[in-house]
Amino acid sequence: MVAKYQLNTSIGFASAPVTLRHMTEEDLPLLHDWLDRPHIVEWWGGWRPSMEEVRTHYLPRVMATERVTPYIGMLGDTPFAYAQSYVALGSGDGWWENETDPGVRGIDQSIGDAHLLGKGLGTKLVRALVDMLFRDPSVTKVQTDPAPTNLRAIRCYEKAGFRIVEKIVTPDGPAAYMIQYRSAW
Ligand SMILES: CC(C)(COP(=O)(O)OP(=O)(O)OC[C@H]1O[C@@H](n2cnc3c(N)ncnc32)[C@H](O)[C@@H]1OP(=O)(O)O)[C@@H](O)C(=O)NCCC(=O)NCCS
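First, a word on what this report is: a plain description of the structure on this page. Only a predicted model underlies this, so the values are computations on that prediction, with no experimental measurement involved.

1. Some remarks on helix α5 (residues 121–134)
For α5, built from 14 residues, the straight-helix expectation of 20 Å at 1.5 Å per residue is met to within 8% by its first-to-last C-alpha distance of 20 Å. By the criterion of burial, α5 is predominantly enclosed, with 10 of the 14 residues buried. Listing the buried residues of α5 in full gives L121, G122, T123, L125, V126, A128, L129, V130, L133 and F134.

2. Re the site of the ligand
Around the ligand lies a shell of 21 residues, among which I111, G120, G122, T123 and K159 are the nearest. The separation between an oxygen atom of the ligand and a polar main-chain atom of I111 is 2.7 Å. For the ligand, an oxygen atom lies 2.9 Å from a polar atom in the side chain of N150. For the ligand, whose free accessible area comes to 960 Å², the fraction covered by protein is 74%. If you list the elements that add at least two residues to the shell around the ligand, you get β4 (104–111), α5 and α6 (151–159). For the shell around the ligand, the element with the highest residue contribution is α6, accounting for 7 residues. Classifying every residue of the shell around the ligand gives 9 nonpolar, 8 polar and 4 charged.

3. Things to note about the sheet that holds strand β3 (residues 78–87)
Taken in spatial order, the 7 strands make up an open sheet running β1-β2-β3-β4-β5-β7-β6, and their pairing is mixed. Every interior strand has two partners, whereas the edge strands, β1 (18–22) and β6 (163–170), have only one. Averaged over neighbouring strand pairs, the angle between their axes works out to 30° when direction is ignored. Two strands pair when backbone bridges link them, and β6 and strand β7 (residues 173–181) are joined in this way by 7 bridges, in the antiparallel orientation. Opposite I164, over in β7, you have M178 as the bridge partner. Each of β1, β2 (68–75), β3, β4, β5 (141–144) and β7 touches α5; the most contacted strand, β4, lies at about 155° to it. Sheet contacts for α6: β4, β5, β6 and β7; angle to β7, the most-contacted strand, approximately 10°.

Calculation notes
- Residues numbered from 1 in each chain as written.
- Predicted model: local features only at pLDDT ≥ 70, side-chain atom pairs only at ≥ 80, totals over all residues.
- Heavy atoms only, no water.
- Helix = DSSP H or I, 4+ residues; strand = E, 2+ residues; numbered from the N terminus.
- Expected span 1.5 Å × (residues − 1).
- Buried < 20%, exposed > 50% of the residue type's maximum accessible area, 1.4 Å probe, protein only.
- Near = heavy atom within 4 Å.
- Polar contact = N/O pair within 3.5 Å; in protein donor to acceptor, adjacent residues only side chain to side chain.
- Areas by Shrake-Rupley, 256 points an atom, 1.4 Å probe, with all protein chains shown as cover.
- Nonpolar A, V, L, I, M, F, W, Y, C, P; charged D, E, K, R; others polar.
- Pairing = 2+ DSSP bridges.
- Axes fitted to C-alpha atoms, helices over the stretch in contact; angles between N-to-C directions.
- Contact = heavy atoms within 4.5 Å.

Given below as structure tokens:
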């Protein structure tokens, strides 16, 4: 099963375009495979969801009711990353309780194949996602909240235009609260 989703890393990833498409139900086995990989488990909730749990949490029509939009990052024609955006206001379950601005969007992302980490692809992916979100004129600000110890993610987000505003505590634990305003885009 895993071999089926092994990305051919000999492709010319430096020149292949990085784009995003909406995730569909058909992508859930791929997402399940990625969420089982150690480099993602370390920074994405610390658990290995079963296929059933992936369906429960990541089915796009279920995520839509929580105002979360899932995407697949594409390297040329090949899926290589998972990303999601969300409306911060009204997230519930203790998330972003002080937020009053309906224009704030949040983002999270992970690259599926460990061989592709640290090659600049995350920066391209985050830039593409932020570009897409700011094309909606009602979006005022984009935020992200990596663990303060996830220095690779923090550096990636800085390169993509985010700045750390403060250290916060989220329902998932301590986080570096990073934002990018429309004016800086
Ligand atoms: C976070 C993630 C999306 C970033 O994508 P990426 O393609 O690896 O990032 P980039 O290559 O664009 O940028 C990484 C930067 O961090 C730097 N870096 C790597 N490890 C580092 C470390 N331990 N300390 C400081 N900087 C580090 C790299 O040198 C690079 O900076 P540079 O270009 O100035 O040299 C990707 O690493 C990933 O999916 N990680 C696993 C899951 C995860 O952490 N998800 C994010 C949850 S918030």
